[in-house]
Amino acid sequence: MNGLLTALRCEIFVALRTFSSKLIVLAPAGIVILQYILLRLTEAGQAARDNLLGNPSFGAVVAGNAYGYFVDGLNTGLTMLGLLLVAQASYSFSFDRDTGAARHLLIRRVSRSSLITAKLIHLHILAALSLLLLIITAYLMSDVFWQFGPIVEDGFELIGEDEIREEISTGLRLAVIPLPAAIAFGIFISVCAQSATQAVSTALGITLAIDILKTMLGDFAYYLYASYQPSLIDQSYLQDVSRLVRGYSDVLIDERVMLLNSWVPIPALMLFFVASLWLVQHKKM
């Protein structure tokens, strides 16, 4: 336990003084702010053109509801956060091994398993801080630019606010569940690779390859944790929530897929973590 605490204190000490840790915490919220500003400018330009032509946009009330934009911001931020966490996780151990920092910790009687565990805990702390800042930023910016409320069309309430909030809560929970598995995957690649550059390029390459190929895997894709993460080719439930909170009624919800979303990332996390612990014991430092 002392070795784990020593390794964790070292991780936190380095994190407070490095740019990469600050990037993980701040970048997802920052990209969402930029996204909202660009969207608002685009909408303002479109509204001005419609007013000049005397042709108001159909469904403008529904489109302007802040809940839809709030979910879009969460989706964008989580996509970026997932990639940043994989990159940082794959960089962490391999960089320490390249520079000799890992050897220094081992000399101080920090076990190899404690070193890996400390990195896993540290990255989860960064992910939690980044997620908290993302949620707060997305909500406040959505409230500034648009208006929260139920989906109403022609005086008829399609979806109430309580139902909207419940769907967003479910979508956010299901989108966050795969993140620990993504972190553990990055650490596993970090232990396997021969250098930090190789680790980052391999981890991001595999992540993007899975993202591209998952649409071709059929039902097998449901057993990959990456299928449930918000991503560039998005199949996550949060993407469906974005349509649901805008009043679309053609969204099909498969309870079996939601159940797999809740459980598949857990064995993936354990598999990558245990494999990393086993491999690091046999890795030359």
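The structure we're discussing is the one just above.
Participant: Outline helix α4 (residues 66–99), listing residues and values.
Facilitator: Counted at 1.5 Å a residue, the expected span for α4 with its 34 residues is 50 Å, and the 48 Å between its end C-alpha atoms agrees. Among the 34 residues of α4, 27 are classified as buried, and the element is accordingly described as predominantly covered. Trailing α4 by a residue or two, Gly100 shows a phi angle of about 90°, which is positive.

Participant: Which residues make up a nonpolar patch on the surface, and what are the values?
Facilitator: Together, Ile31, Ile33, Leu34, Ile37, Leu38 and Leu41 line one region of the surface with nonpolar side chains, adding up to about 500 Å² of accessible area. Looking at where Leu34 falls in the secondary structure, it is placed in helix α2 (residues 19–53). On the basis of relative accessibility, which here comes to 44%, the residue Leu34 falls in the partly exposed class.

Participant: Account for empty space enclosed by the protein, naming residues and giving values.
Facilitator: Using the criterion set out here, one finds one cavity of 30 Å³ or more in the structure. Considered as a void within the structure, the largest cavity measures approximately 130 Å³ in volume. Of the residues in the lining of the largest cavity, the class split is five nonpolar, five polar and two charged.

Participant: Tell me what's going on with the nonpolar core, and back it up with residues and numbers.
Facilitator: Burial of nonpolar side chains together is a common tendency in soluble globular proteins. Counting residues in each nonpolar core, the largest one holds 69 residues, and the members touching the most others are Leu74, Leu78, Ile168, Ile183 and Tyr225. Excluding anything up to four places from it in sequence, Leu74 contacts Leu134, Ile135, Ala138, Ile168, Leu172 and Leu238.

Participant: Tell me about the environment of Leu232, and please be specific about residues and values.
Facilitator: The topology assignment puts Leu232 in the loop between α9 (196–213) and α10 (237–244). Here Leu232 is in contact with Thr79, Leu208 and Asp211, once residues within four sequence places are set aside.

Participant: Can you explain the packing of aromatic side chains? Please cite residues and give values.
Facilitator: Scanning the model with the defined rule gives 11 aromatic pairs in all. Between Tyr91 and Phe95, the aromatic rings sit 4.9 Å apart at their centres with planes inclined by 20°, giving stacked as the arrangement. Of the two residues, Tyr91 and Phe95 are both situated in helix α4; the distance of four residues between them amounts to about one turn of the helix. Looking at Tyr91, the relative accessible area reads 32%, which means it is partly exposed. Between Phe188 and Phe272, the ring centres sit 5.9 Å apart and the planes meet at 40°, which makes this aromatic pair tilted. Placement of Phe188 in helix α8 (residues 179–192) and of Phe272 in helix α12 (residues 265–281) is noted, with a sequence separation of 84 residues between them. For Phe188, a relative accessible area of 22% translates into the label partly exposed. Site record: aromatic cluster; members linked through ring pairs are Tyr36, Tyr69, Phe145 and Trp146. Above the ring of Phe13, the side-chain terminus of Arg17 is found at 3.8 Å from the ring centroid. The ring of Tyr69 carries the charged tip of Arg246 above its face, separated from the ring centre by 5.3 Å.

Participant: Give a detailed account of the environment of Thr6, specifying residues and quantitative values.
Facilitator: Within the secondary structure layout, Thr6 lies in helix α1 (residues 2–15). As a C-alpha pair, Thr6 and Leu105 span 99 residues in sequence and 8.5 Å in three-dimensional space.

Participant: Go over the packing of α4 against helix α6 (residues 112–145), please, and point to the residues and values.
Facilitator: At a minimum axis separation of 9 Å, α4 and α6 run at an interaxial angle of 160°. Between α4 and α6, the angle falls in the class roughly antiparallel. As for the relative orientation of α4 and α6, their crossing is right-handed in sense. Residues belonging to the contact of α4 with α6 are distributed by class as follows: 18 nonpolar, six polar and two charged.

Participant: Give me the lowdown on the pattern of salt bridges, citing residues and values where you can.
Facilitator: The full count for this structure, using the stated rule, is seven salt bridges. Across the salt bridge formed by Asp72 and Arg246, the nearest N and O atoms sit 2.6 Å from each other. Separated by 174 residues along the polypeptide, Asp72 in helix α4 and Arg246 in the loop between α10 and α11 (255–263) bring together distant segments of the chain. Each member of the pair Asp72 and Arg246 is classed as buried. Of the charged contacts in the structure, one is a salt bridge between Asp96 and Lys119, with a shortest N-O distance of 2.5 Å. Here Asp96, found in helix α4, pairs with Lys119, found in helix α6; they are 23 residues apart in sequence, far enough to count as distant. For Lys119, a relative accessible area of 1% translates into the label buried.

Participant: Any chance you could break down the side chain of Ser142 for me, citing the residues and the numbers?
Facilitator: Secondary-structure assignment places Ser142 in helix α6. When residues no more than four places from it in sequence are discounted, the contact partners of Ser142 are Tyr36, Ala66, Tyr69, Phe70, Gln147 and Phe148.

What counts and what doesn't
Residues numbered from 1 in each chain as written. Predicted model: local features only at pLDDT ≥ 70, side-chain atom pairs only at ≥ 80, totals over all residues. Heavy atoms only, no water. Helix = DSSP H or I, 4+ residues; strand = E, 2+ residues; numbered from the N terminus. Expected span 1.5 Å × (residues − 1). Buried < 20%, exposed > 50% of the residue type's maximum accessible area, 1.4 Å probe, protein only. Patch = residues over 30% accessible without salt bridge, like charges linked within 9 Å, V, L, I, M, F, W, Y side chains within 5 Å. Areas by Shrake-Rupley, 256 points an atom, 1.4 Å probe, with all protein chains shown as cover. Salt bridge = Lys/Arg side-chain N within 4 Å of Asp/Glu carboxyl O. 1 Å grid on protein atoms, 1.4 Å probe; cavity = no way out; pocket = protein on both sides within 12 Å on 5 of 7 lines; lining within 4 Å. Points joined across faces, edges and corners; volume = space filled by probe spheres on them. Nonpolar A, V, L, I, M, F, W, Y, C, P; charged D, E, K, R; others polar. Core = buried A, V, L, I, M, F, W, Y, C linked by side-chain atoms within 4.5 Å. Contact = heavy atoms within 4.5 Å. Phe/Tyr/Trp six-rings, centres within 6.5 Å; stacked < 30°, edge-to-face > 60°. Lys NZ or Arg CZ within 6 Å of the ring centre and 35° of its normal. Axes fitted to C-alpha atoms, helices over the stretch in contact; angles between N-to-C directions. Parallel < 35°, antiparallel > 145°, perpendicular 65-115°, else oblique. Left-handed = near helix turned anticlockwise from the far one by under 90°.

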